[in-house]
Amino acid sequence: MDLNKRPNDMARINNKELADAFISEQVALVREQVGDKKVLLALSGGVDSSVVAALLVKAIGKQLVCVHVNHGLMRKGESEQVIEVFGKQLGATLVYVDASERFLDKLSGVDAPEKKRKIIGGEFIRVFEEEARKINDIEFLAQGTIYPDILESDGVKAHHNVGGLPEDLKFELVEPVKLLYKDEVRVVGSALGLPDDMVYRQPFPGPGLGVRCLGAITRDRLEALREADAILREEFDKNGLAGKVWQYFIAVPDMKSVGVKDGKRYEGWPAIIRAVNTTDAMTATIEEIPYPLLHRITERITSEVEGINRVLLDLTPKPIGTIEWE
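Residues numbered from 1 in each chain as written. Predicted model: local features only at pLDDT ≥ 70, side-chain atom pairs only at ≥ 80, totals over all residues. Heavy atoms only, no water.

As for unusual backbone geometry
In this chain, Lys318 is followed by Pro319 through a cis amide linkage whose omega measures -15°. Positive phi values are uncommon outside glycine, yet Asp137 reaches one of about 65°. Relative to the helices and strands, Asp137 resides in the loop between α5 (113–134) and β4 (138–142). Despite not being glycine, Asp262 has its phi angle at roughly 55°, a positive value. Within the fold, Asp262 resides in the loop between β7 (257–261) and β8 (264–277). The exposure class of Asp262 is exposed, given its relative accessible area of 71%. (Helix = DSSP H or I, 4+ residues; strand = E, 2+ residues; numbered from the N terminus. Buried < 20%, exposed > 50% of the residue type's maximum accessible area, 1.4 Å probe, protein only.)

Structural notes on the pattern of salt bridges
One pass over the structure, following the stated rule, counts 31 salt bridges. A salt bridge links Asp48 to Lys182, with the nearest nitrogen and oxygen atoms 3.1 Å apart. Placement of the pair is Asp48 in helix α2 (residues 47–60) and Lys182 in helix α7 (residues 182–191), with a sequence separation of 134 residues. Classification of Asp48 by relative accessible area gives buried; the value is 7%. We note a salt bridge from Lys238 to Glu235, for which the minimum N-O separation is 3.3 Å. (Salt bridge = Lys/Arg side-chain N within 4 Å of Asp/Glu carboxyl O.)

Here's the deal with the nonpolar core
Ranked by internal contacts, the top residues of the largest apolar core, which has 51 residues, are Leu40, Leu222, Phe236, Ile250, Ile289, Ile301 and Ile308. Ranked by residue count, the leading element in this core is helix α9 (residues 219–238), at seven residues. The residues touching Ile308, leaving out its near neighbours within four places in the chain, are Ala224, Ala228, Val252, Tyr266, Trp269, Ala271, Ile301 and Thr302. Core analysis: the second largest hydrophobic core is formed by 40 residues, Ala19, Ile60, Val82 and Ala92 among them. (Core = buried A, V, L, I, M, F, W, Y, C linked by side-chain atoms within 4.5 Å. Contact = heavy atoms within 4.5 Å.)

Overview of α2
The end-to-end C-alpha distance of α2 is 20 Å, a good match for the 20 Å that 14 residues give at a rise of 1.5 Å each. Counting buried positions along α2 yields 13 of 14 residues, so the element is predominantly enclosed. Where α2 terminates, the next one or two residues include Gly61, which has phi positive at roughly 55°. (Expected span 1.5 Å × (residues − 1).)

Focus: the pairing of strand β2 (residues 64–70)
In the case of a regular strand, side chains alternate between the two sheet surfaces. For β2, the tally of buried residues reaches seven of seven residues, placing the bulk of the element in the interior. Residue alternation in β2 divides its side chains into two sets, Leu64, Cys66, His68 and Asn70 and Val65, Val67 and Val69, and both sets are buried. Here strand β1 (residues 38–42) pairs with β2 via four bridges, running parallel. Paired with Val39 across the strands is Leu64, a residue of β2. Where the polypeptide runs from β1 across α2 and back to β2, its parallel neighbour, the crossover connection is right-handed. Sheet topology note: the β2/strand β3 (residues 93–98) ladder contains six bridges and is parallel. Residue pairing across strands places Val65 opposite Thr93, the latter belonging to β3. Once the chain exits β2 it traverses helix α3 (residues 78–89) before rejoining the sheet at β3, and the crossover so formed is right-handed. (Pairing = 2+ DSSP bridges. Right-handed = clockwise from strand over helix to strand, strands pointing away.)

Describing the confidence of the model for the protein
Chain-level pLDDT for the protein is 92 on average; 96% of the residues reach the 70-or-more range. Segment residues 155–160: pLDDT under 50, and twelve contacts once partners within four positions in sequence are set aside and those in other chains are kept. (pLDDT = per-residue confidence, 0-100.)

Structural data, given as C-alpha cells:
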C-alpha cells in the first residue's frame, strides 16, 4: 500500500463530523508514531502548518516544539497572531525568532526576483537549523504537506518544507494532513477551533512581501507596503469582498512619481492593487471592485501611509499576467 496515495474510497472531508473522525484517527496515529519523543515544526502561520500544529498540540501537547521565524516580510499582524493563538490560547511550546534585520541585511541591494527567493529560502533554513540545534531529543519533523504537494512534486515535497537541512539533522517526518486537499484542511482547522481568519487565510508566497516589494527591498518601502496592504485587507473585510475574492494584495514598485501634499510637491511610490479569482491558480480573472470602494481605499492609503502618493489597479488576467508580480 502506497502511503503517499489517497485511497479511492476516502470520503471528502466536508463537515465537522468527518473532520472530527479524521482528527481522532490522526491523533492516535501520531501518538503511535512518536511515542514520548519531541516533534519539531516550522510554523509559518499559513493554513497548512497551523492546522498541523493544532492537531499535534491535541495529540502530543508539549512534546511539539513550534518554531516561528519572523523574516520581516510578514503581513501586518501575522506574527502577533501566531504568538496569540499558539503560544497563549493553545499553550503550545513556541519558539519565536525575530530574524527580520538579519533577512533584510542579506537582501540589501538585491533586485533579481529569483535571487531574492533563494536568499529568503536559504536563510530560513539556516535560522531553523540554528534553533533545531538548541533543542535536545528532537527525533521527528512535522510538515504541512498536503495532497496537491505530493501530486505536483511526484511524491517529493519541494516547496514550503524544510528540505535542505544538514545530514546530521535528518528527522523522521510527521505529515498528518498529507492526503488532504486544501478545502479539507480548512474544515479540519475549523473543527480544531482555529480562528476563521487563520483557517481561511488567502495563499501567501513563501518569500512573503519580499516578492511584492518589487526590486531591491528597502525598509521604508517595505513598511509602506505592509501598511497599504493592511488597509486593503481591512476595507475588503468591511465591504464583504474578503470571502468572494481568492487573492488580493498590494505590490509597490521601486519607482517614484511626483505628487502634491499639504500644498507642496511630494514624491512617493505607487501602490498597485491586485485582486483575482481562480479555481486552480493556473488561470485567473479580475475581480470587479466597486468604484466607491476603490476611491475609499485610495483616499486611505494616500493619506495614512507615509511614502505612497498614488494608487493603481492591475486589470490584467492570467494569462497574460501571473498572479504575483515577481
